[in-house]
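Close look at the chain arrangement
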Amino acid sequence: MNIKYFDISRGIISEISKNGITVPFYGDKGPSLYYIKNGESILIELNKKDDKYIKDVCGIEFSMKHTVNDDMLSVEVMINNKTDRDFMPDAIGLKLGIDSYMTEYPYWNEKFFPGYLRCEKTHFTGYFMSPLGRVVAVTCDSPVAAWELDYNTFEDEENCHFGHRIFTGNLLLTVNDKLPKRHPENLNGIKAGEQKNWTINIMPLDSIKDYKRIVSEKFNIPMLEFDKYTVAIGEKARLKVFTNEKYIVSVKSPSGNITEKEIITPDEYGVYTVTVTTKSGKICEGKVYCRHDFGWYLKAARKNAVYKPQKASTHTESWYGHFSAFLAKKHYPDKVLDTLAKANFDEIMPYMYDFEKGEAIVIPWRVQNVALLVSLLVDLYETDTKNNKKYLDYANNMAKELLRRQTEDGAYRKNKTHYTSVIYIAKSMLELALCEKDVYPDRFKMHYTSAKRAVDDLKSLKERIGTEGEHTLEDGMISCSALQLGFFALTLKSKEERKPYIEAAEYLMNIHKCLEEIETPDCRMRGGTLRFWEAQYDVMIRGNMMNTPHGWTSWKTYATYYLYLLTGKEEYLKDTFDTMGACLQMIDENENLRWAFVKDPWRRVKVLVPDLEKPEKDGYESVPDDIEKAYRGKHVVKTIGEEYVDMVSGWYRVGEEKITGGYQLCPLYMGESETMVDNQGGACDNNVHEHFKCLEETLLKKVFIIVNDDGVKGYNCSVTTEDDTIKVTPYGECEYIHINTDKKAKIVICG
């Protein structure tokens, strides 16, 4: 292990390297100590003394020592309270300094994104990962209170905005506030006369392969893995514990029943919490989710789309719930809810679009709005193809706007910015084309050709495209490119034609792994993508936080689903089920739809809540009579940590101004004019409905069977083998069976 310093007098590192792996540290970030008092972060300037870095702050002695071994750097931290007063700031932190600041290709390949950070009651584990797949493992054998990320911000003349980049990750050694139950207790500060010590190990690895085994063996820290993170009633989830010690297992059911089995076979819906305690006293936790039938979620999503109403705004995210409503109608008609949903659609759409002229009235250059409208009109057509043909014609009219914004290279653009993968514009065009194939052959050819040109451009550029907002290695830029490559490849017949699209999609998804929860043993997050700037737009929380899953996580789920169909690799199907399972948990057992799950364990932020002294009269006539009261909002400071955040659209609804900016600080663009309006009700939280749009396309009423040399596996079904017959029993409704095998097999569907 080699180490270089940015400033050796203060212990600030510039890089560490081992066996050809170089890990950069960001500027003068760290390793360094700081504390937070009354919300303000105060850096502790350490100075070199012998083999340590030391600073005394009013009788509190902070010290740090770097020890370089063959394969890792150890950072030893000591805090000694030499006073007769407790030292209890909001938090005391260690900036690791590992460079996570991704700005542009190809330089972001050298950076390491904080992909997995996890506090247990007795220790800490985590890693940072580069787009090239290299990993920096971070561990601490002692309890660490929490962690936080060093998010970037920028300001204009009036407001602070929260950016799309992360400088580095920090360990919070103490936190004087509430924390998730899994976290250590009584690490709220340094008591008078007390000394606390931590040793943080930073170890580069070639890849994520065997990460849990390596960490467990090297540091004697137990780690958990399940073969499935989401299961149906009666389906088994098997626990694997990485440890050389003896251990005991405790499994707590949703209702509180305790068992000690390593194979979990749920008999009730909800989350099962698994706790493992080793002989030496190390404790770690995992979670497995027992789901309902997939149709239960789509029906609940429709209800939420009605009672958390869709809105006319500058952003498609404000009316995304109509996907859930129309897709639920297609499978599970409900006269009352379907009538209410259609009434809302009919009321809000004319404020934003002229279907006959094919024009966007509001913010016409936000091309993804038009693309998703095309997708929605196709879905509405498919709810009743006999009587809804006009919506297919409207989709054609609106698609003309996309064609006008397609440049010679094939990209759909907002002015000069590449927008094909801001959501999935080529997929929307292709959805329209495939629906037109037997109805309007000429239109099919035109729209299919347009989509192909756009996807060919993605195939050529791969990750070298621009995106909306502050440029970075952006989750959606990569996943939406991959999903569109996969979706298009499925329209091709020969392996030779498909091959370059599959290769490009797989290349992108490998890069994307650094932006995913691929190692967490927690069903609530497993497979989720790592987005952190959406709260300010979706629910008006003033501060970044890691939303995993967020509605846009489902972009990745489309990609893994398509890649499974194209390649037959089980890893993609497993990922699809695990990730969808995490996303479906946005709906709780009371059928309430939440906005997102926040991974960060400790965020003190300003949250939008109802101002109960300021009720608001609904501006739309289509709201249900029995809907909850509407209010104006106000901001209050709250602590959020490893929990679900509710939507605001249930109570934060449109008032007199029938059309708003997409969020509080968003101008209203009518044509080319820009005005600031009240924006009451403006929110993008209905983008959570992407999960249910994805569910309907990928897993609803579908069963998957794999037969190979390892035996028989079933997804969304149980399988048994008798003689030469495979008996398959679906978990719920089934209209489609996908069989993946190159062997002869006799399969019988039961039930």
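For the structure, see preceding data.
In what follows, the accompanying structure is described. (Residues numbered from 1 in each chain as written. Predicted model: local features only at pLDDT ≥ 70, side-chain atom pairs only at ≥ 80, totals over all residues. Heavy atoms only, no water.)

Attention now moves to the sheet that holds strand β12 (residues 124-129). Strand-to-strand pairing in sheets goes through backbone hydrogen bonds, with the strands running parallel or antiparallel. Read across the open sheet, the 8 strands follow the order β6-β7-β8-β9-β16-β13-β12-β11; overall the sheet is antiparallel. The open sheet has two edge strands, β6 (47-49) and β11 (113-119), and neither has a second partner. Each strand axis lies, on average, 20 degrees off the axis of its neighbour in the sheet, ignoring direction. Pairing analysis gives 6 bridges linking β11 to β12, with the strands arranged antiparallel. Bridge pairing in β12 places Tyr 116 opposite Tyr 127. Helix-sheet contacts for helix α1 (residues 211-219) involve β11, β12, β13 (135-140) and β16 (195-205), and the interaxial angle to β16 is about 135 degrees. (Pairing = 2+ DSSP bridges. Helix = DSSP H or I, 4+ residues; strand = E, 2+ residues; numbered from the N terminus. Axes fitted to C-alpha atoms, helices over the stretch in contact; angles between N-to-C directions. Contact = heavy atoms within 4.5 Å.)

Moving on, we come to the environment of Ala 341. Position of Ala 341 among the secondary structure elements: in helix α4 (residues 335-352). Classification of Ala 341 as buried rests on a relative accessible area of 5%. In sequence terms Ala 341 and Glu 496 are 155 residues apart; their C-alpha atoms lie 44 Å from each other. Contacts of Ala 341, omitting those with residues within four sequence positions, involve Val 306, His 322 and Ala 325. (Buried < 20%, exposed > 50% of the residue type's maximum accessible area, 1.4 Å probe, protein only.)

Sheet topology places strand β20 (residues 247-252) next to strand β23 (residues 270-278); 6 bridges connect them, and they run antiparallel. By the bridge assignment for β23, Ser 250 is matched with Thr 275. Note: β20 against strand β21 (residues 258-259), 2 bridges, orientation antiparallel. Bridged to Lys 252 within β21 is Ile 258. Connecting β20 to the antiparallel partner β21 that follows it, the hairpin turn spans 5 residues, and Gly 256 within it adopts a positive phi of roughly 100 degrees.

Bringing the packing of aromatic side chains into the picture now. Counted by the stated rule, this structure contains 39 aromatic pairs. Arranged with centres 5.5 Å apart and planes meeting at 35 degrees, the rings of Phe 444 and Tyr 448 form a pair that is tilted. Residue Phe 444 and its partner Tyr 448 are located together in helix α8 (residues 441-461), separated by 4 residues, close to a single helical turn. Ring centres 4.8 Å apart and planes at 75 degrees place the aromatic pair Phe 597 and Tyr 644 in the edge-to-face group. Here Tyr 644 lies in strand β33 (residues 643-646) and Phe 597 lies in strand β30 (residues 594-598), a separation of 47 residues in the sequence. Taking relative accessible area as the criterion, Phe 597 reaches 0% and is therefore assigned buried. Against the face of Tyr 332 rests Lys 299, its NZ or CZ located 4.8 Å from the ring centre. Against the face of Tyr 440 rests Arg 443, its NZ or CZ located 3.7 Å from the ring centre. (Phe/Tyr/Trp six-rings, centres within 6.5 Å; stacked < 30°, edge-to-face > 60°. Lys NZ or Arg CZ within 6 Å of the ring centre and 35° of its normal.)

If you check helix α9 (residues 475-489), its first and last C-alpha atoms are 21 Å apart, about what 15 residues at 1.5 Å a residue would give, namely 21 Å. With respect to burial, α9 is a largely interior element, 15 of its 15 residues being buried. Measuring from the backbone nitrogen of Gly 476 back to the side-chain oxygen at the start of α9 gives 3.1 Å, which picks out Glu 474 as the cap. (Expected span 1.5 Å × (residues − 1). Polar contact = N/O pair within 3.5 Å; in protein donor to acceptor, adjacent residues only side chain to side chain.)

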